[in-house]
Structure formats: C-alpha cells, structure tokens
Amino acid sequence: MLVYTLRRLLLIFPTLLGVSLVIFAILALAPGDPLAAVVSEEYGNTAEDIERIREQLHLNDPLHVQYLNFLWDAMRGDLGTSFRGGSSVLNDILARLPSTIQLAIAGLIATMLLGISAGVLAALYRGGLPDKLTMVFAFVGVSIPSVYAALLLLLIFAVELRWFKVVGDEGLKSLVLPAAAMALIPAGVLARLTRASMLEVMEEDYVRTARAKGIRESLVTFMHIFRNALIPIVTYLGLLAGSLLSGQVFVENVFGRPGLGRFLVDSISARDYPQIRGGILFVAAGYVFVNLIVDLLYGVIDPRITYE
Amino acid sequence: MAHLLEVRDLVTRFYTEDGAVHAVNGISYTLDEGESLGIVGESGSGKTVGVLSLMGLIPDPPGRVERGEVFFADNDLLKLSADQLRDIRGREIAMIFQDPMTSLNPVLTVGYQIAEIMRPHLNLSQEEITERTVELMELVGIPNAASRRKDFPHQFSGGQRQRIMIAMSLACNPSVLIADEPTTALDVTIQAQIIDLVKRLSEQFGMATIWITHDLGVVAGLVNRVIVMYAGFIVESASVLDLYKKTSHPYTLGLLQSLPSLHATIATDRLIPIEGAPPDLLQAPVHCPFAPRCQFAVDQCWQENPPLQRVASNHDSACWRWQDVRAATEQLA
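Residues numbered from 1 in each chain as written. Chains lettered and ligands numbered in written order. Predicted model: local features only at pLDDT ≥ 70, side-chain atom pairs only at ≥ 80, totals over all residues. Heavy atoms only, no water.

Undergrad: Just checking my understanding: could you explain the overall build of chain B for this structure?
TA: Counting its secondary structure elements, chain B contains 13 helices and twelve strands. Relative to the 2.2 N^0.38 estimate, which gives 20 Å for 333 residues, the radius of gyration of chain B is 21 Å and therefore close to what a compact globule would have. By principal-axis analysis of the C-alpha atoms, chain B measures approximately 65 × 50 × 45 Å. Out of the 333 residues belonging to chain B, those deemed buried represent 52%. Nonlocal contacts in chain B, meaning residues at least 24 apart in sequence, comprise 65% of its contacts between residues at least 6 apart. Surface exposure of chain B reaches about 15,100 Å², of which carbon and sulfur atoms provide 50%. Counting 26 positive and 40 negative side-chain charges, chain B places the centres of these two groups 2 Å from one another. (Helix = DSSP H or I, 4+ residues; strand = E, 2+ residues; numbered from the N terminus. Rg over C-alpha atoms; globule rule 2.2 N^0.38 Å. Buried < 20%, exposed > 50% of the residue type's maximum accessible area, 1.4 Å probe, protein only. Contact = heavy atoms within 4.5 Å. Areas by Shrake-Rupley, 256 points an atom, 1.4 Å probe, with all protein chains shown as cover. Lys, Arg positive; Asp, Glu negative; His and termini not counted. Charge placed at Lys NZ, Arg CZ, Asp CG, Glu CD.)

Undergrad: Looking at this structure, I do not really get the interface of chain B and chain A. What am I missing?
TA: Where interface size is given, it is often the accessible area lost as the parts come together that is meant. At the junction of the two partners, chain B supplies 25 residues and chain A supplies 20 residues. Summed over both partners, the interface of chain B with chain A comes to about 2,100 Å²; 60% of that surface belongs to carbon and sulfur atoms. A per-residue breakdown of the area chain B buries against chain A is headed by Arg86, Val107 and Glu116 of chain B, which together make up 26% of the total. Where chain B meets chain A, there are one salt bridge. Of the charged contacts in the structure, one is a salt bridge between Glu116 of chain B and Lys213 of chain A, with a shortest N-O distance of 2.7 Å. Where chain B touches chain A, the interface holds eleven residue pairs in polar contact (both at pLDDT 80 or more). Elements that contribute at least two residues to the side of chain B that touches chain A include exactly α3 (100–103), α4 (110–121) and α7 (158–170) of chain B. It is α4 of chain B that provides the largest number of residues to the side of chain B that touches chain A, a total of six residues. Classifying every residue of the side of chain B that touches chain A gives 14 nonpolar, seven polar and four charged. (Buried area = accessible area lost by both parts, 1.4 Å probe. Salt bridge = Lys/Arg side-chain N within 4 Å of Asp/Glu carboxyl O. Polar contact = N/O pair within 3.5 Å; in protein donor to acceptor, adjacent residues only side chain to side chain. Nonpolar A, V, L, I, M, F, W, Y, C, P; charged D, E, K, R; others polar.)

Undergrad: Looking at this structure, I do not really get a nonpolar patch on the surface. What am I missing?
TA: On the surface, a nonpolar cluster with roughly 820 Å² of combined accessible area is contributed by Tyr148, Leu152, Leu155, Ile156, Val159, Leu161, Trp163, Val166 and Val167 of chain A. For Tyr148 of chain A, the position within the fold is in helix α7 (residues 146–160). (Patch = residues over 30% accessible without salt bridge, like charges linked within 9 Å, V, L, I, M, F, W, Y side chains within 5 Å.)

Undergrad: How should unusual backbone geometry be read in this particular structure?
TA: As a rule of thumb, non-glycine residues mostly have phi less than zero, and peptide bonds are mostly trans rather than cis. Residue and element names in this part refer to chain B. Positive phi values are uncommon outside glycine, yet Asp74 reaches one of about 65 degrees. Structurally, Asp74 can be placed in the loop between β4 (63–72) and β5 (75–76). Of note in the backbone geometry, Asn314 takes a positive phi value of approximately 55 degrees without being a glycine. By the element assignment, Asn314 lies in the loop between β11 (309–312) and β12 (315–317).

Undergrad: Which parts of the structure should I look at to understand the environment of Arg192 of chain A?
TA: All names here are of chain A. Structurally, Arg192 is set in helix α8 (residues 176–202). For Arg192, a relative accessible area of 46% puts it in the partly exposed group. In sequence terms Arg192 and Phe139 are 53 residues apart; their C-alpha atoms lie 9.4 Å from each other.

Undergrad: What should I look at first to understand helix α5 (residues 126–139) of chain B in this one?
TA: Three- or four-residue spacings in an α-helix give side chains the same orientation, since the helix completes a turn every 3.6 residues. Residue and element names in this part refer to chain B. Counted at 1.5 Å a residue, the expected span for α5 with its 14 residues is 20 Å, and the 20 Å between its end C-alpha atoms agrees. Buried within α5 we find Ile129, Thr133, Val134, Leu136 and Met137. Along the axis of α5, the buried positions cluster into a sector of 160 degrees, meaning they face one direction only. Exposed side of α5, more than 90 degrees from the buried face: Glu127 and Glu131 are the residues found there. The secondary structure elements touched by the buried residues of α5 are α4, α6 (145–148) and α7. Among the residues trailing α5, Gly141 stands out with phi positive, at a value near 90 degrees. (Expected span 1.5 Å × (residues − 1). Arc of directions from axis to C-beta.)

Undergrad: Help me understand the packing of α7 of chain A against α8 of chain A, please; the structure alone is not making it clear to me.
TA: Residue and element names in this part refer to chain A. The interhelical angle for the contact between α7 and α8, taken along N-to-C directions, is 140 degrees, at an axis separation of 9 Å. Here α7 is positioned oblique relative to α8, judged by the angle of their axes. Where α7 crosses over α8, the handedness of that crossing is right-handed. Together, Ser146, Ala149, Ala150, Leu153, Leu154, Phe157 and Ala158 of α7 and Leu177, Ala180, Ala181, Leu184 and Ile185 of α8 make up the contact between the two elements. For the contact of α7 with α8, the per-class residue count stands at eleven nonpolar, one polar and no charged. (Axes fitted to C-alpha atoms, helices over the stretch in contact; angles between N-to-C directions. Parallel < 35°, antiparallel > 145°, perpendicular 65-115°, else oblique. Left-handed = near helix turned anticlockwise from the far one by under 90°.)

Undergrad: Hey, could you run me through the side chain of Thr329 of chain B in this one?
TA: All names here are of chain B. Counting through the fold element by element, Thr329 comes out in helix α13 (residues 322–332). With relative accessibility at 7%, the residue Thr329 sits in the buried group. Apart from residues no more than four positions distant in its own chain, Thr329 is found in contact with Tyr244, Lys245, Thr247 and Leu253.

Undergrad: In this structure, what is going on with the sheet that holds β4 of chain B? I would like to understand it.
TA: Pairing between the strands of a sheet is mediated by backbone hydrogen bonds and can be parallel or antiparallel. Residues and elements named next belong to chain B. Pairing is antiparallel across the open sheet formed by four strands, whose spatial order is β2-β1-β4-β5. The open sheet has two edge strands with one neighbour each: β2 (19–31) and β5. Relative to β5, β4 is paired through two bridges, and the arrangement is antiparallel. Counted as the bridge partner of Phe72 is Asn75 from β5. Strand contacts of helix α1 (residues 47–54): β1 (5–16), β2 and β4, with the helix running at about 110 degrees to β1, the strand carrying the most contacts. (Pairing = 2+ DSSP bridges.)

Undergrad: Looking at this structure, how should I read the state of the cysteines?
TA: By definition, a disulfide links the sulfur atoms of two cysteines through a covalent bond. Residues and elements named next belong to chain B. On inspection of all chains with the given rule, the structure shows zero disulfides over all chains. With no disulfide of its own, Cys288 lies closest to Cys301 among cysteine sulfurs, the gap being 5.9 Å. Residue class for Cys288 comes out buried when judged on its relative accessible area of 10%. With no disulfide of its own, Cys319 has Cys294 as its nearest cysteine by sulfur position, at a separation of 6.0 Å. (Disulfide = S-S within 2.5 Å.)

Undergrad: Please explain the side chain of Asp76 of chain B as it appears in this structure.
TA: Residues and elements named next belong to chain B. Within the fold, Asp76 resides in strand β5. Residue classification places Asp76 among the buried residues on the basis of a relative accessible area of 9%. Aside from chain neighbours lying at most four places away, what touches Asp76 is Gly68, Glu69, Val70 and Phe71.

Undergrad: Can you walk me through the pairing of strand β3 (residues 36–40) of chain B in this structure?
TA: Two faces belong to every sheet, and in a regular strand the side chains alternate between them. Residue and element names in this part refer to chain B. Burial within β3 is extensive, with five of its five residues counted as buried. Residues Ser36, Gly38 and Val40 point to one face of β3 and Leu37 and Ile39 to the other, with burial holding for every one of them. Across five bridges, the pairing between β3 and strand β8 (residues 208–213) is parallel. Note that in β8 the partner of Gly38 across the bridge is Trp211. For β3 and strand β9 (residues 225–230), the ladder comprises four bridges, and the chain directions are parallel. Counted as the bridge partner of Val40 is Val228 from β9.

Undergrad: What is the right way to look at the pattern of salt bridges in this model?
TA: For the structure shown, the criterion picks out 21 salt bridges over all chains. Here Glu217 of chain A and Arg211 of chain A are joined by a salt bridge, their closest N and O atoms 2.8 Å apart. Exposure remark for Glu217 of chain A: the relative accessible area of 31% places this residue in the partly exposed category. One salt-bridge network, held together by shared partners, links Glu6, Arg8 and Glu69 of chain B.

Structure follows, in structure tokens:
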C-alpha cells in the first residue's frame, strides 16, 4: 500500500505535464491578443511600448520555447508573473489557497452531514415521513442554483436574523453560510445516492444474518448496512471535493471570499495567461490528490479491494 | 412432556403489487428437546419463510405474520416485543443460512462477526470473547484460528465460510439450531463434511435442530422426523422410516421417485419427475394445492382442500386418497 501510494504520488508529475500542455495549446489557439487588455494604442501606449512589453514577457518567442521556459520555471517553483500588476502567480495562488481549502472542507462536511443523514433516515423509514421529506429536500436542493441559495441564506440569516455578519471575517463562523449554500445541491444528490445504496444493501443476506444474531438494530444499521453502502458515497464525495476547489465562483463572490474559483474566473476574463496556467495546474494537482485519497479510502472501506 | 418449540397455525403472507402471496398457510408442528426435525419442500413451499417467521426475521413490509402462535420457553414468540425477541434470537435460537458466500458481511473480519453474536447475549469480557472466538473456530475446523480470525470472509473458501457460520451459530449454546439448506451452495464433497460437522456438534451440545432442505436424501440419515411442505401447507409429517415405507401423500411419493438411487441403473430405472409447475401462491388456496399435478386427484380434491389428518400413530397426511397412495407405495416396494 505504501508503494502504491508513492507510485500514485509520482504520477502527479506526468499528469501535470499533460495538463500544462493542454492549457498551453488552448491558450495559444485562443483568438486575440492577451496583451490587448493590458496595453493598447487606445490607452495611449505607442506601438514601440507594446512591442517592448511583448519582448519583456517573451511573447515573441516561438511557442515551444515559451512552453519549455514555462516548464523549467515551474519545476523550480516559479509559475511566472501576472501580466497585470506583475505579482508572482505562485504567491497569488498561495494567498488564496487557505480560504479555498477551508471553504471546500466546510462545504464537504456540510454536504456529508445533510446528505448522508437525510439519506440514511429516508432508507430506514422507507415510504414514511422522513423518506418523503428527504425526497422533497433533495428535489428542492438540486433545483436551487447555489448563487441564489447564497443570496437567500445571506438575506435570511445575516440581514434579517442577524446571526451572521453580512461582510467581515468572523473566523470559522463565517464559513457556515457559504458552506451551506455550496452544500445544498450536492447534499440533495448525496441524499438520494445514500438512500439508494442503503436500500440495496438492506436486501443482502448478511443483513439477515446480522439480525438473526439478536444484536441491536443500531448496530445492524451502522456496522452492516451503512459500512457496505459507503462505496458510492465516497466516490461521489471525491468528485465533489475536486470540484469544490475550483467551482465555487458564485458563492465566493456573494460572500466576498478571495478564493481560487474567483481568481481563475478573473484571470480568464483578463486573459492573464500566467495566472490561468498556474491556477489550472493547482486545481489539477488538487484533483489528483483527492482521487488518490478516494482510492485509498476504498481499500479501508472494502477489504476485497487490494493495492499491489 | 412439554415441547421445546411449538408452532400453531402459523400464517405468513407477503403483500406485493400483484396481490398477497400466500407463503405459509397455517402450519403447526412441534420440536422436542434434542430432537432433529427435517422440513422438506421445493423452492417456494414456505419452508424457509416458516422458520424466518418464528424468528421475527420476515421483512415487514412486504411480509407479515398474520396469525399463529409460537411457544418457546412459555413465551409466545410472536407476542414478544422486538427487544425480548432479540434477546432470544442468537442466544436460544440460532440459524445457519443457505449461501455462505453472501451470508457473511464482506467488510468485517470473521472474528468480529463471530464475537458480535456473543456481546449482547453472554456476559463476557473482551478477552474472553476473543478467546471463545478462537475456540469456536478451532471447534469447526479452521486451522490457525488465532491469526485467521482477523481475516475477511473473501479470504476463506465456501466450505470454510459455512464453518464460520456454524461457529457463529454455536457461540451462545442455543437450544434450537435452524439449518436452512446449509449445503446447497457448496461442492458435493464439502456438503458431507458440513452436514457431519453440524450433526456432530448439535449432538455434542444437545441442541434440537431443524434441517430445512429440498433434498429428501440429505435428511434421511439426519433427522428423526420429517415434515413435507407444499405451497405453504404441511402435506405430510412422519418419521423418516414411515415416510419412506408408508408414504401417504402423492407429493412425497413424487419427491421420493425423483431421487436417484445408488442401486438403480440408468437403463432400467429412470427418475420420475413431478409433472407440472409449482403452484401460484397469489391465489388463495381453495382446493388441494397439489391437485393440478397429482395423478391421484379426484373431484373431491378440486372442491375441498384436505386438512392434515392422522393416518397412523405419529404420521399425518393432508390427502383425501392417502390410503391409495400408501397402497401404491407398498406395491412399488
């Protein structure tokens, strides 16, 4: 298992190499001039100025030279400098990483709390009130865009009830509303997934064996049903964790959090190539890492899965 | 003498979208201390549902025990609360299931699964439970039990898994052991070993056993008494010898004739199958459920379902023409 983990960790390099190649190719193929947003004759820059800046930013080099330079710098931990402002891309990203990771973890926990508990209750009381409530919750949750949910939550809990500040940092407490807004859709999906998985396991012979032993029903539910229902749940949470690292632009915007999602969208609209490359590389690395954790978790959940 | 277990007029139905499935239609039988009883029937005859009903293991919904009494140690099991019944399950009445491949939880160690049954029922410390787990595994013939208890079910063969199921069921020294086709899913060579093991251990610990099987040949050497079930009814009940020699129900006769014999040659003695298909349990029974497949059937069989009646001492049959069946049996022999 240690060897497997190390091998998977080493795989991160070829993966990132592939990702960097794809980003480079896409950015090269994109029409228009990346500098147009920064310097332009319309802003009063002369043609010589523009040419000088192009030269400074190595935009006149052949593509493969640009790519190899980028790779060489990246390997030494330098993701380049932003076209705008000239700040270090790595520092920009690192500055936003803690907030992003905090929010992703909080969102993941909120999703698990809501989704798993609702799904388990629904399965245990199949056809009963908890089941119907969960299905309504899942349906409504999936139907509300997270940006709208964020605004609603802000309106209800911060503006009306004043439980939270609308703006300003309150430590961990300021994670509650954005995490809840992020969790709404995935928790709805997870609740249905958990319910279906639990119901499937409940039909298994070993659940009947467990009941025949005369052990408490809570043990049957947790040790025998829930543990076997975990695989699809973990798969989904893994996919979710990856997307939470990058895909929470709206929630970050509504709650004024400087996260990686917002960083990426800003840099894309400004055509700030070094920022785009750096941001996407980070997100890709995050995906690889989360996938590894999920694969290792499979082995913990199900002893039939082995790594050699 | 009071019986160890007495089932009276047990009725279990499953409510499905297509209607009520009449799985068990008023069966009554007794089990005495140390006795060994066989319940024989084809798939869907209600033999498994019957015992699951008395253990409170029928999934509800869709199943429901509609009627009946099950006396065990002066209690009607069907009237006990869930907690009281749970206390008896595993401790007093234990069960071995059909398919050892699917009856053990794949994600828990076998040691845990054996130990688990002792925790609520026996007042033992964690060390004592571990010790007894290893003892039980050795008792059923698992080598290196002390280290193997930490293995998972998929690391054992089918026969070994069934041995682990047996170890589990013996853990609390139950007074009744129910073996629900414990060898159906196993290799023929393993089947005999498992049957011997259960027989030996149940005799050693003085447990009464109920063997559920579709194979009359399996129970012949194992049990004192056999109950034959068809379509949720008990159609014949007798000692093994009487059942073979004085067969009094056409279904039993059909089962016996479809058994291969060591002495038969293929050329002369072909097996005789029971014609027709198993009954549709969605229909509420009005006539004899076996009538459509019965070579002895007369008009009366299509009008009235015959009750189980005494035909000799300790021999019951539910057939209007049991005397003709018996005569036919004796002629064949």
